[in-house]
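One-letter residues, chain by chain:
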Amino acid sequence: MPFFKSLPADAGVKKLWDVFNPKAHEGLTLFSRSFMRGEGKLTPTDKETIAAYVSQLNNSEYCFVGHSRAAEKLGAEHQWFDELADDIEASSVREEMKPILRFVKKLTLTPARISQADADAVFAAGWDEQSLHQAICVCARFSMMNRLTLGHGLIPNKDTADSRALNMGYDKP
């Protein structure tokens, strides 16, 4: 049950924005559209995997449930998330994704420790600056959303979580 009495028991992110700050939702939607489904080497599957992984690292069940399912619908393997929780290096995600996931993990858990060496490891794996920028944007967006959902006490509806995550307006103009 959400912590706010003005929110219904099954409140989701959209309801949260509708009740408290519709203008912020408009801005966040524009921001999200600019990178979640934008052009680049990172695929929508990669971006949803990053979103789910950041949410997993932040213990945000609400965001993790929706975005891990969205990633799976786009082609991610279900076991990746259990594997990533244990060890990025031993996981079965594509090898070129591992430096990005290491970067995102460090940015999520110890952001002040990010260094040029971390960025260089991503570039050495063949990623360009635009790809790293998009990964950072996904990480930042979901770190923020994790705190919003946790702070408001939102509970995932596991029956609708994947469709909610896939229909967030990323593909709309």
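This text gives an overview of the structure that appears in the document. Quick caveat, the model's predicted, so the values are computed rather than measured.

**Some details on the packing of helix α3 (residues 44-57) against helix α6 (residues 98-109)**
(1) Moving on: For the pair α3 and α6, the least separation of the axes is 10 Å and the interaxial angle reads 40 degrees. The hand of the α3/α6 crossing is right-handed. Note on element contacts: α6 touches α3 through I100, L101, V104, K105, T108 and L109, opposite I50, Y53, V54 and L57.
(2) Moving on: When grouped by side-chain class, the residues that make up the contact of α3 with α6 number 8 nonpolar, 1 polar and 1 charged.

**Side note on the nonpolar core**
(1) Moving on: The biggest cluster of nonpolar side chains holds 30 residues, and the ones touching the most others in it are I50, I100, L101 and V104.
(2) Moving on: With near-sequence residues (within four places) excluded, I100 lies in contact with L42, I50, V122, W127 and A135.
(3) Moving on: L7, V13, M145 and L154 belong to the second largest nonpolar core, which has 11 residues in total.

**A few points about the packing of aromatic side chains**
(1) Moving on: Counted according to the given criterion, the structure contains 3 aromatic pairs.
(2) Moving on: Summarising the aromatic geometry, the rings of F4 and F20 are spaced 5.3 Å apart at their centres and angled 65 degrees between planes, so their arrangement reads as edge-to-face. Of the two residues, F4 sits in the segment before α1 (13-20) while F20 sits in helix α1, which places them 16 residues apart along the sequence.
(3) Moving on: For F4, a relative accessible area of 32% gives the class partly exposed.
(4) Moving on: Note on F20: relative accessible area 41%, which makes it partly exposed.
(5) Moving on: Between F64 and F81, the ring centres sit 5.6 Å apart and the planes meet at 85 degrees, which makes this aromatic pair edge-to-face. With F64 in helix α4 (residues 61-74) and F81 in helix α5 (residues 79-86), the pair connects residues that are 17 residues apart, well separated along the chain.
(6) Moving on: Given the relative accessible area of 22%, F64 is considered partly exposed.
(7) Moving on: For the cation-ring pair, R141 lies above F142, with the distance from its terminal atom to the ring centre recorded as 4.7 Å.

Calculation notes
Residues numbered from 1 in each chain as written. Predicted model: local features only at pLDDT ≥ 70, side-chain atom pairs only at ≥ 80, totals over all residues. Heavy atoms only, no water. Axes fitted to C-alpha atoms, helices over the stretch in contact; angles between N-to-C directions. Helix = DSSP H or I, 4+ residues; strand = E, 2+ residues; numbered from the N terminus. Left-handed = near helix turned anticlockwise from the far one by under 90°. Contact = heavy atoms within 4.5 Å. Nonpolar A, V, L, I, M, F, W, Y, C, P; charged D, E, K, R; others polar. Core = buried A, V, L, I, M, F, W, Y, C linked by side-chain atoms within 4.5 Å. Buried < 20%, exposed > 50% of the residue type's maximum accessible area, 1.4 Å probe, protein only. Phe/Tyr/Trp six-rings, centres within 6.5 Å; stacked < 30°, edge-to-face > 60°. Lys NZ or Arg CZ within 6 Å of the ring centre and 35° of its normal.

Remember that the coordinates give geometry; whether it matters functionally is a separate question.
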